[in-house]
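Here are the chains, one letter per residue:
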Amino acid sequence: MLVHLRLFRYNPEAGRNKPSYDTYNVEADPTDRVLDLMEHVKAYNDPTLSFRRSCAHGVCGSDAMRINGRNLLACKALVQDVGTEITVEPILGMKVIKDFIVDMEPFFESYRSLSPFLINDDIPEDGKERRQSIEQRERFDDTTKCILCAACTTSCPSFWSDEAYVGPATIVNAHRFIFDSRDNGAEGRLERLSEEMGVWRCRTAFNCTEACPREIHVTQAIAEVKKAITSGRLD
Ligand code: SF4
Ligand code: F3S
Ligand code: FES
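Here the structure is a predicted model, which is why all the values come from computation and not from measurement.

Basis of the calculations
Residues numbered from 1 in each chain as written. Chains lettered and ligands numbered in written order. Predicted model: local features only at pLDDT ≥ 70, side-chain atom pairs only at ≥ 80, totals over all residues. Pairing = 2+ DSSP bridges. Helix = DSSP H or I, 4+ residues; strand = E, 2+ residues; numbered from the N terminus. Axes fitted to C-alpha atoms, helices over the stretch in contact; angles between N-to-C directions. Domains from an automatic or database assignment. Contact = placed C-beta atoms within 7 Å. Nonpolar A, V, L, I, M, F, W, Y, C, P; charged D, E, K, R; others polar. Buried ≥ 20, exposed ≤ 12 C-beta atoms within 10 Å, placed from the backbone. Near = placed C-beta within 6 Å. Core = buried A, V, L, I, M, F, W, Y, C linked by C-beta atoms within 7 Å.

S.K.: Sorry, what's going on with the sheet that holds strand β5 (residues 85-89) here?
M.R.: In a beta sheet, neighbouring strands are held together by backbone hydrogen bonds and run either parallel or antiparallel to one another. The mixed open sheet is built from 5 strands, whose spatial order is β2-β1-β5-β3-β4. In this open sheet, the two edge strands, each paired with only one partner strand, are β2 (16-27) and β4 (70-73). Adjacent strand axes in the sheet meet at a mean angle of 30° when their direction is disregarded. The sheet contact formed by strand β1 (residues 2-11) and β5 spans 4 bridges and is parallel.

S.K.: In this structure, what is going on with the domain arrangement of the protein chain? I would like to understand it.
M.R.: Put simply, an interface is often sized by how much accessible area is lost when its parts join up. Taken domain by domain, the protein chain holds domain 1 (2-102) and domain 2 (105-231). Relative to domain 2, the C-alpha centre of domain 1 lies at a distance of 29 Å. Taken together, the 12 residues of domain 1 in the interface contact 13 residues of domain 2. Per-class residue counts for the side of domain 1 that touches domain 2 are 7 nonpolar, 4 polar and 1 charged.

S.K.: Teacher, can you tell me more about the pairing of strand β3 (residues 64-67) here?
M.R.: Taken residue by residue, a regular strand's side chains alternate between the two faces of the sheet. Every second residue of β3 is oriented toward a common face, with Ala64 and Arg66 on one face and Met65 and Ile67 on the other, all of them buried. Of the pairings in the sheet, the one linking β3 to β4 comprises 4 bridges and is antiparallel in character. If you follow Arg66 over to β4, its bridge partner there is Asn71. From the end of β3 to the start of β4, which pair antiparallel, there are 2 residues, and Asn68 there has a positive phi angle of about 50°.

S.K.: Is there a simple way to explain the environment of Leu49 in this structure?
M.R.: Its location among the elements puts Leu49 in the loop between α1 (34-44) and β3. Along the primary structure Leu49 and Met38 are separated by 11 residues, whereas in three dimensions their C-alpha atoms are 8.3 Å apart. Those residues in contact with Leu49 that sit more than four places away from it in its chain are Leu7, Met38, Val41, Lys42 and Asp99.

S.K.: Would you take a moment to explain the pairing of β2 for this structure?
M.R.: Across the 12 residues that make up β2, only a small minority, 1, are buried. Of the pairings in the sheet, the one linking β1 to β2 comprises 9 bridges and is antiparallel in character. Opposite Leu5, over in β2, you have Tyr24 as the bridge partner.

S.K.: I tried to follow the site of ligand 1 on my own but got confused; where do I start?
M.R.: Close to ligand 1 lie 17 residues; Cys146, Cys149, Cys152, Ala169 and Cys212 are nearest. If one sorts the elements of the shell around ligand 1 by residue count, helix α6 (residues 168-178) sits on top with 3 residues. Residue composition of the shell around ligand 1, by class: 15 nonpolar, 1 polar and 1 charged.

S.K.: Explain the nonpolar core to me, please; I cannot follow it from the model alone.
M.R.: Within soluble globular proteins, side chains that are nonpolar tend to cluster in buried spots. Counting residues in hydrophobic clusters, the biggest one holds 56 residues, and the most contacted among them are Ala74, Ile171 and Val225. Examining the composition of this core, we find that 6 residues originate from one element, α6, more than from any other. When residues of this core are assigned to domains, at least three map to each of domain 1 (2-102) and domain 2 (105-231). With residues up to four places along the chain from it excluded, the contact list for Ile171 reads Val166, Leu193, Val199, Ala221, Ile222 and Val225.

S.K.: Just to check I follow, could you spell out the site of ligand 2 for this structure?
M.R.: Around ligand 2 lies a shell of 13 residues, among which Cys156, Cys202, Ala205, Asn207 and Cys208 are the nearest. Listed by contribution, the elements that provide at least two residues to the shell around ligand 2 are α8 (207-211) and α9 (218-231). Counting residues per element, the shell around ligand 2 draws most heavily on α9, at 3 residues.

What follows is the structure in structure tokens.
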């Protein structure tokens, strides 16, 4: 089948200092991914086309893009699902550096601000590992699946209206440690998330949950953090 591919382009260093679109007709199979089509264009039409990708299997989180208006991983978006008229644009709310490459630094700065690592200086009495029951591990299992692709944060209307909002991805990764029975840093994280640009900027729009390629219940995780703040409990 012939796919009509419309690609966002922007490259101020090469004189393309206004966003525009280039179009390509590419022969494809229904099971080809949008990433395959973009690789084809880069190999055979325009080697300057720039985008991030690494694993090509939905694991590294580097190729979140707006495909026909929806945030998807290009390596998981099949032609048979998105159709033969395909418009691809960079994720929204991030500064575009070149074509599909956006400045992810503010996203990772927000992520780091919630200390996304285990905080616990206590040594277990037996000097061995910190034990956890199956139930305790299950409590935060869903939010361990995040691949930091930013599809959730860049689909969130609260983030679009104010980029200072920490965003759903940061909250998901804070959730992963807040509800970990081995961690002692919940108080500080909840304090930070109760600030003006924390969880209360979330208006329960659900775009984040729809966008998440790992099917994490993002809105639910945010609701659990809100409940922990108001109740002062972590159950
Ligand atoms: Fe991506 Fe989902 Fe993690 Fe958000 S929660 S960054 S959409 S994997
Ligand atoms: Fe945004 Fe998700 Fe809340 S889309 S408003 S963070 S439910
Ligand atoms: Fe790694 Fe798509 S290239 S998630």
